[in-house]
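In case you want the letters, here they are:
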Amino acid sequence: MNILELIERELQTLSPEQQREVLDFIFFLKQRAVARPPRPSRSLRDHPAFGLWKSRQMDALAYPESLRAEWEPPTRPDLLP
C-alpha cells in the first residue's frame, strides 16, 4: 500500500469536518513551502564559533567532560576510582 492509498483509507474514517481540517492543513503546508524559500547551505567553517578552541591549549572534548565529572558521580566502571 503506497502513501496515497494509506492517506485515503485513513481520511475515509474521519468525519467531514475533520476531512476539511486535513484539507486546510494540506493547503497550509503548501503555502508554507512557497512562502519560505530554501536557505542556501553554508559551511560550518563560516560560523563565528568555528575554531573558538583553536587558540586555547586544551582539548575541546575533554574540557566539558572534566566539568561534567565535577558535578556528576561516575557511572561507568572504568571511570570509578
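What you see is a predicted model, and the numbers here were worked out from it, not measured in a lab.

Undergrad: Go over the overall build of the chain, please, and point to the residues and values.
TA: Scanning the chain from terminus to terminus reveals three helices and zero strands. Written out in order from the N terminus, the α and β elements of the chain read α-α-α. A total of 81 residues make up the chain; the buried ones form 0% of that total. Entry remark: accessible area of the chain is about 8,300 Å², with carbon and sulfur atoms responsible for 60%.

Undergrad: Just give me the short version of a nonpolar patch on the surface, but keep the residues and values in it.
TA: A cluster of nonpolar side chains, Met1, Ile3, Leu4, Leu6 and Ile7, forms an exposed patch at the surface whose accessible area comes to about 550 Å². Along the chain, isoleucine 3 turns up in helix α1 (residues 3–12). By relative accessible area, isoleucine 3 is classed as exposed at 58%.

Undergrad: Please set out a positive patch on the surface residue by residue, giving values where relevant.
TA: A surface patch of positive charge is lined by Arg32, Arg36, Arg39 and Arg42. Of note, arginine 42 is situated in the loop between α2 (16–35) and α3 (62–71).

Undergrad: Can you tell me about the pattern of salt bridges, naming the residues and giving the values?
TA: According to the stated counting rule, one finds two salt bridges in the structure shown. Notably, a salt bridge pairs arginine 9 with glutamate 10, separated by 3.6 Å at the nearest N-O pair. Taking the relative accessible area as the measure of exposure, glutamate 10 reaches 41% and is therefore partly exposed. Here arginine 68 and glutamate 65 are joined by a salt bridge, their closest N and O atoms 2.8 Å apart. Linking arginine 68 with glutamate 65, this pair stays in helix α3, spanning three residues, or about one helical turn. Judged by relative accessible area, which is 40%, arginine 68 ranks as partly exposed. For glutamate 65, a relative accessible area of 47% corresponds to the partly exposed category.

Definitions and limits used
Residues numbered from 1 in each chain as written. Predicted model: local features only at pLDDT ≥ 70, side-chain atom pairs only at ≥ 80, totals over all residues. Heavy atoms only, no water. Helix = DSSP H or I, 4+ residues; strand = E, 2+ residues; numbered from the N terminus. Buried < 20%, exposed > 50% of the residue type's maximum accessible area, 1.4 Å probe, protein only. Areas by Shrake-Rupley, 256 points an atom, 1.4 Å probe, with all protein chains shown as cover. Patch = residues over 30% accessible without salt bridge, like charges linked within 9 Å, V, L, I, M, F, W, Y side chains within 5 Å. Salt bridge = Lys/Arg side-chain N within 4 Å of Asp/Glu carboxyl O. Lys, Arg positive; Asp, Glu negative; His and termini not counted. Charge placed at Lys NZ, Arg CZ, Asp CG, Glu CD.

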